[in-house]
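# Coordinates in review
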Amino acid sequence: MKASTGSSSPPRQPAATFDANLVDDLVAANRILFDQGVVDGFGHVSARSDHNRARFLLSRSMAPGLVKPDDIMEFDEDAQPVEPRERAVYLERFIHSEIYKARPDVNAVVHSHSPAVIPFGVTNVLLRPLFHIAGFLGQGAPVFEIRDVAGTATDLLIRDAALGASLATTLADRPVALMRGHGSVAVGISLQQAVFRAIYTEINARLQSEAMRLGIVNFLTPEEAARAASTNDAVLARPWDLWKRKAMQNAGA
Ligand code: MN
């Protein structure tokens, strides 16, 4: 564990301006996404601040499975930390700042490199819902091509606000966008919804690859997908409670 509090730091973190429940939910989201195999040593999840909608909460730069409440930091609309206190921050925090700017409906963002999704970012096969739990994918998942916007070879990372804004443009009004050769983003009106979408994007991708090996796939129609998504959105707390209990037990926290 890193000693993040120097002798001159306040005795209690995070700052009192944070909503304790939101911090706890964000810690749980980090642990759940690790426990469910969506993030590993990399990837991150954020929540829009409920005190200042231009800001968001995100862990300091660390493995999501190890995040604790004291690791949660506040960032402004330019993805700069409000109270840096010499803590390292994620290079790709611009994914979050630019999506919150572009999408007033979004209150949580997950970025991951979850493995089953990767093939759909590097082939011409559209990720589509083939079971009801993934109905939110009904419009398909657009693919962000960093070569189209960077103007030079990159390391694939969203390192600045311009790249983040381009990714947000690709995402448009969808719940999920893929990032070619890199990973994906899933967004939601809440942490529960964004985490649900990130987990079932990975599962749908795995199932779709399996189904396509078997034969012609009978996907959900757009109307079936929309109806299923609406049904699922009414029961997000059920899987969340289960995932949270398991993740926190496994973490020994
Ligand atoms: Mn990444």
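Residues numbered from 1 in each chain as written. Predicted model: local features only at pLDDT ≥ 70, side-chain atom pairs only at ≥ 80, totals over all residues. Heavy atoms only, no water.

A word on the sheet that holds strand β4 (residues 108-112). Pairing in this open sheet of seven strands is mixed, and the strands run β3-β2-β1-β4-β7-β6-β5 from one edge to the other. The open sheet has two free edges, formed respectively by β3 (72-75) and β5 (143-144), since each of these has just one partner strand. As paired elements, β5 and strand β6 (residues 176-179) share two bridges and run parallel to each other. Paired with Val143 across the two strands is Leu178, which belongs to β6. Lying on the sheet, helix α6 (residues 191-214) is in contact with β1 (44-48), β4, β6 and β7 (183-188); it crosses β7 at an angle near 145°. (Pairing = 2+ DSSP bridges. Helix = DSSP H or I, 4+ residues; strand = E, 2+ residues; numbered from the N terminus. Contact = heavy atoms within 4.5 Å. Axes fitted to C-alpha atoms, helices over the stretch in contact; angles between N-to-C directions.)

Let us now look at the pairing of strand β2 (residues 56-59). Burial along β2 is two-sided: Phe56 and Leu58 facing one way and Leu57 and Ser59 facing the other are all buried. With three bridges connecting them, β1 and β2 associate as antiparallel partners. The residue of β2 that forms the bridge with Arg48 is Phe56. When β2 meets β3, the two strands line up antiparallel, connected through four bridges. Within β3, the position partnered with Ser59 by the bridge is Ile72. (Buried < 20%, exposed > 50% of the residue type's maximum accessible area, 1.4 Å probe, protein only.)

Looking now at the coordination of the manganese ion. The reference angle at a metal is 109.5 degrees if four donors form a tetrahedron and 90 or 180 degrees if six donors form an octahedron. At this site the manganese ion is bound by Glu92 (OE), His111 (NE2), His113 (NE2) and His182 (NE2), with donor distances of 2.1 to 2.2 Å. Taken in chain order, the donor set of the manganese ion reads E-x18-H-x1-H-x68-H. Of the two residues, Glu92 is situated in the loop between β3 and α2 (94-102) and His182 in the loop between β6 and β7; the sequence distance between them amounts to 90 residues. According to the relative accessible area criterion, Glu92 is buried, its value standing at 5%. Take His182: its relative accessible area is 9%, and that puts it in the buried class. (Donors = N, O, S within 2.8 Å, 3.2 Å for Na, K, Ca; no water.)

Remark: α2 packs on helix α5 (residues 161-171), axes separated minimally by 8 Å, with the N-to-C direction vectors making an angle of 50°. When the axis of α2 is compared with that of α5, the two are oblique. Every pair of crossing elements has a handedness; the one defined by α2 and α5 is right-handed. Only Ala161, Gly164, Ala165, Leu167, Ala168 and Leu171 of α5 make contact with α2, whose side of the interface consists of Phe94, Ile95, Glu98, Ile99 and Ala102. A per-class count over the contact of α2 with α5 returns nine nonpolar, one polar and one charged. (Parallel < 35°, antiparallel > 145°, perpendicular 65-115°, else oblique. Left-handed = near helix turned anticlockwise from the far one by under 90°. Nonpolar A, V, L, I, M, F, W, Y, C, P; charged D, E, K, R; others polar.)

Here the chain shows a mean pLDDT of 93. Residues at 70 or above account for 92%. Of the regions scoring below 50 in pLDDT, residues 1-14 engages in 15 contacts with residues more than four places distant in sequence or in other chains. (pLDDT = per-residue confidence, 0-100.)

All right, on to the environment of Ser166 then. Note on placement: Ser166 falls in helix α5. Put simply, Ser166 and Ala150 are 16 residues apart on the chain and 9.4 Å apart in space, counted from C-alpha to C-alpha. Apart from residues no more than four positions distant in its own chain, Ser166 is found in contact with Phe144 and Val149.

A separate point is the pairing of β1. The element β1 is extensively covered by neighbouring structure, given that five of its five residues are classed as buried. With burial as the criterion, each face of β1 is covered, one bearing His44, Ser46 and Arg48 and the other bearing Val45 and Ala47. Inspection of the sheet shows β1 paired to β4 by four bridges, in the antiparallel sense. Residue Val45 lies in a different strand from β4, and its bridge partner there is Val110.

Moving on: the packing of helix α1 (residues 20-35) against helix α8 (residues 237-250). Look at α1 against α8: their axes get within 8 Å of each other, and the N-to-C directions meet at 80°. Judged on the interaxial angle alone, α8 and α1 are roughly perpendicular. Residues Asp25, Val27, Ala28, Ala29, Arg31, Ile32 and Asp35 of α1 form the contact with α8, whose participating residues are Trp240, Trp243, Lys244, Lys246, Ala247, Met248 and Asn250.

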